[in-house]
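A structural walkthrough
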Amino acid sequence: MYICICNAIRETDLRKAALTCEGDAEAAYACLGKRPNCGQCLDEAQEIIDAERAGARCDFLAVEHA
């Protein structure tokens, strides 16, 4: 699914960027070599980034305590 139509950023690309780049949605876009145009996608993009990072932390903690 495309999250950002202006830049053709897919959800899978955004999730990968969330794990390799620090910062907010705009920083993740920059890691992908893009920048927000209209900005309508930023709230949804940030939610996806936050969820991906939270999931990664849970996986890390589960392995760490096992």
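Residues numbered from 1 in each chain as written. Predicted model: local features only at pLDDT ≥ 70, side-chain atom pairs only at ≥ 80, totals over all residues. Heavy atoms only, no water.

Some details on the state of the cysteines
Overall, the coordinates contain one disulfide when judged by the stated rule. The side chain of C21 participates in a disulfide bridge whose partner is C31; the two sulfur atoms lie 2.1 Å from each other. Around the S-S axis, the bridge from C21 to C31 shows a dihedral of about -140° and counts as left-handed. With C21 in the loop between helix 1 (11-20) and helix 2 (25-31) and C31 in helix 2, the pair connects residues that are 10 residues apart, well separated along the chain. Residue C31 is classed as partly exposed on the basis of its relative accessible area of 44%. Considering cysteine sulfurs only, C6 is the nearest to C38, which forms no disulfide, with 3.8 Å between them. Cysteine C41 shares no disulfide, and the gap to the nearest cysteine sulfur, in C4, comes to 3.8 Å. Residue classification places C41 among the buried positions, given a relative accessible area of 9%. (Disulfide = S-S within 2.5 Å. Helix = DSSP H or I, 4+ residues; strand = E, 2+ residues; numbered from the N terminus. Buried < 20%, exposed > 50% of the residue type's maximum accessible area, 1.4 Å probe, protein only.)

Observations regarding helix 1
Three or more residues of helix 1 are buried, namely L14, A17 and A18. Buried residues of helix 1 fall within an arc of 105° about the axis and therefore sit on the same side. Summarising the geometry of helix 1, the exposed residues directed more than 90 degrees from the buried face are K16 and T20. (Arc of directions from axis to C-beta.)

Regarding a negative patch on the surface
A cluster of acidic side chains, namely D43, E44, E47 and D50, defines a negative patch on the protein surface. Along the polypeptide, D43 turns up in helix 3 (residues 42-64). Relative accessible area serves as the criterion here: at 62%, D43 is assigned to the exposed category. (Patch = residues over 30% accessible without salt bridge, like charges linked within 9 Å, V, L, I, M, F, W, Y side chains within 5 Å. Areas by Shrake-Rupley, 256 points an atom, 1.4 Å probe, with all protein chains shown as cover. Salt bridge = Lys/Arg side-chain N within 4 Å of Asp/Glu carboxyl O. Lys, Arg positive; Asp, Glu negative; His and termini not counted. Charge placed at Lys NZ, Arg CZ, Asp CG, Glu CD.)

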